Amino acid sequence: MTERMLRFVGLEQELPEKRPAAARARDFHEIYADYIADKAAAQAARCSQCGVPFCQVHCPLQNNIPDWLKLTAEGRLEEAYELSQATNNMSEVCGRICPQDRLCEGNCVIEQSGHGTVTIGAVEKYLTDTAWARGWVKPLKPIRLRDEHAGVVGAGPAGLAAAEELRRKGYRVTVYDRHDRAGGLLIYGIPNFKLEKDVVARRVKRLADGGVAFKLNFEIGRDASLADLRAKHDAVFIATGAYKPREIEAPGVGLKRIVAALDYLIASNKKGLGDAVPAFESGALDAKGKHVAVIGGGDTAMDCVRTAMRQGAKSVSCLYRRDRDNMPGSLREVANAEEEGIVFEWLTLPKAFLGRKNVEAVRIARMRLGMPDATGRKVPEEVKGSEFNLDADLAIKALGFDPEDQRALFAAPALKVTRWGTIETAPATGATSIDGVFAGGDVVRGASLVVWAIRDGRDAAAAIHKYLQARAPAARLEAAE
Ligand SMILES: Cc1cc2nc3c(=O)[nH]c(=O)nc-3n(C[C@H](O)[C@H](O)[C@H](O)COP(=O)(O)OP(=O)(O)OC[C@H]3O[C@@H](n4cnc5c(N)ncnc54)[C@H](O)[C@@H]3O)c2cc1C
Ligand code: SF4
């Protein structure tokens, strides 16, 4: 948020000069702890009801933002909540972690006219948190019970949204996940300072209380094949995410204390959840007292640098081969990280990792942006003779993720995948090349966003319902014969 906006919405305590250095690394829920009804109403009242709801168009769920802002401004909070949750299975999650600057808020006409966006995400979070606190969030109750059974593979936001929608329609639903907790990257990827884990856990509990069965520590490909699952269920939704980390090729990359971003974040999240994590306790995945270098420029890299700072690192540097304007991550995240004291080494490339057993330094070359490539993006090229060493006793690789080899993983040669390794699906329905098998979320889009995963889960649930309804009479006839 810009300084002007902070003053405008009454968050002066967040102005950099008002914050002592030790308190710079504050969490989302701390910043918005005083986001009370009159502040939400004041923000909501700033919506000009412009009649061209670009905010709504640019929300992947097409949330009816102007209408629930109007209700909030009028103090009709329960109605505002009802409207906001009608299109979103996890409004309080999206309110916290959507990159609003690229979606709804970035397209708010008030923002476009230079007066600072209506803080749509914060109002959305406030409405749903209030709904939970005041008991407005209703239990999940199927409209009517149906005989058909759907299997959902993956308990991330795509899988959870699909499970909720299918259960609401009355299907019997089982969600399978290889982890010991449901939530996917909401639990084990995104850090607690952006998204508190109990916010996710209460969503999962609501589904379980509503009759959705969870089979955890169950890996498709190890404990069952896709064919086993298809035989067991009338329809299957695959929402297994994208987990294959992109690798760095440089001498010394095999040294100890050079770790993958997700290993680092999972350890930190597990620790926060109270689990015993030997690799954290041994110091291998703990940044405390260390010089930390994070390589990458996306949101995962931002989560790593900000986690390292909170763990008490001696210094944290982010190495990215392009410049600030070309960062793939949200600029709001970069601004947060800068404010917390993270050093950004723009236009740098790790050439080698130095050390005996553990990494001790990263050898870095400076880059400059050269001619644009076929996509129009300027290609970084190395500046000769610019190399220097940066002290690092923990290096974190955060270069992004690709989907794993789904066909091999699921032992399903008939499952069509794209040349990027994502599962090929029909637009809007998520239908795959195998009858009765649907897919959505990161495993289809590649590494994307929570809000898109929710959208895919909702779309797939609607398509599965249609599929099961279309074949219901035939299936009944078959059963009767
Ligand atoms: C560090 C990090 C930070 C992020 N921050 C943000 C953010 O701030 N805002 C945002 O919008 N997005 C963010 N994202 C992206 C977002 O988390 C994902 O786009 C989203 O979670 C994708 O949802 P999904 O349901 O498709 O997959 P996931 O959330 O990845 O869930 C997939 C689930 O499938 C399970 N699974 C995988 N394979 C199998 C198998 N064979 N058998 C059984 N279970 C299996 C996994 O255990 C996992 O629980 C972030 C991602 C990362 C990595
Ligand atoms: S879901 Fe995300 S993009 Fe849509 S209104 Fe909420 S915060 Fe904005």
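Look up a bit, the structure's there.
What counts as what
Residues numbered from 1 in each chain as written. Chains lettered and ligands numbered in written order. Predicted model: local features only at pLDDT ≥ 70, side-chain atom pairs only at ≥ 80, totals over all residues. Heavy atoms only, no water. Core = buried A, V, L, I, M, F, W, Y, C linked by side-chain atoms within 4.5 Å. Buried < 20%, exposed > 50% of the residue type's maximum accessible area, 1.4 Å probe, protein only. Helix = DSSP H or I, 4+ residues; strand = E, 2+ residues; numbered from the N terminus. Near = heavy atom within 4 Å. 1 Å grid on protein atoms, 1.4 Å probe; cavity = no way out; pocket = protein on both sides within 12 Å on 5 of 7 lines; lining within 4 Å. Sits in = over half its atoms within 2 Å of the grid points. Nonpolar A, V, L, I, M, F, W, Y, C, P; charged D, E, K, R; others polar. Salt bridge = Lys/Arg side-chain N within 4 Å of Asp/Glu carboxyl O. Phe/Tyr/Trp six-rings, centres within 6.5 Å; stacked < 30°, edge-to-face > 60°.

> Is there a simple way to explain the nonpolar core in this structure?
Soluble globular proteins tend to bury their nonpolar side chains together. One finds Leu69, Leu186 and Phe237 to be the most contacted residues of the largest nonpolar core, which totals 73 residues. A per-element tally of this core places helix 20 (residues 450-480) first, with ten residues. The next biggest cluster of nonpolar side chains, apart from the first, holds 28 residues, and it includes Phe280, Leu285, Ala308 and Leu394.

> What is the right way to look at the site of ligand 2 in this model?
If you check the shell around ligand 2, you find Cys59, Asn63, Ile65, Asn88, Cys94, Cys98, Gln100, Leu103, Cys104, Ile120, Glu124 and Val451 and nothing else. With respect to the pocket detection grid, ligand 2 is positioned in the second largest cavity. Among the residues forming the shell around ligand 2, the class breakdown is eight nonpolar, three polar and one charged.

> Would you take a moment to explain the pattern of salt bridges for this structure?
If charged atoms from side chains of opposite charge come close, those side chains can pair. All told, the structure shown has 39 salt bridges when counted by the stated rule. Here Arg76 makes a salt bridge to Glu74, at a shortest N to O gap of 2.8 Å. For Arg76, a relative accessible area of 37% corresponds to the partly exposed category. One salt bridge connects Arg76 with Glu79, and the closest N-O pair in it is separated by 2.9 Å. The network of salt bridges with common partners includes Lys194, Asp303, Arg306, Arg310, Glu333 and Glu340.

> What should I look at first to understand the packing of aromatic side chains in this one?
Given two aromatic rings, one states the distance between the centres and the angle between the planes to describe the pair. Taken as a whole, this structure holds three aromatic pairs when the rule is applied. An angle of 45° between the planes, with centres 5.2 Å apart, marks the rings of Tyr176 and Phe218 as tilted. One end of the pair, Tyr176, is in strand 2 (residues 172-176); the other, Phe218, is in the loop between strand 3 (213-215) and helix 13 (226-232), and 42 residues separate them in sequence. According to the relative accessible area criterion, Tyr176 is buried, its value standing at 2%. Here the aromatic rings of Phe438 and Tyr467 are separated by 5.7 Å at their centres, their planes lie at 75°, and the arrangement is edge-to-face. Of this pair, Phe438 sits in strand 16 (residues 437-439) while Tyr467 sits in helix 20, and the two are 29 residues apart along the sequence. The exposure classification of Phe438 matches that of Tyr467, with both residues buried.

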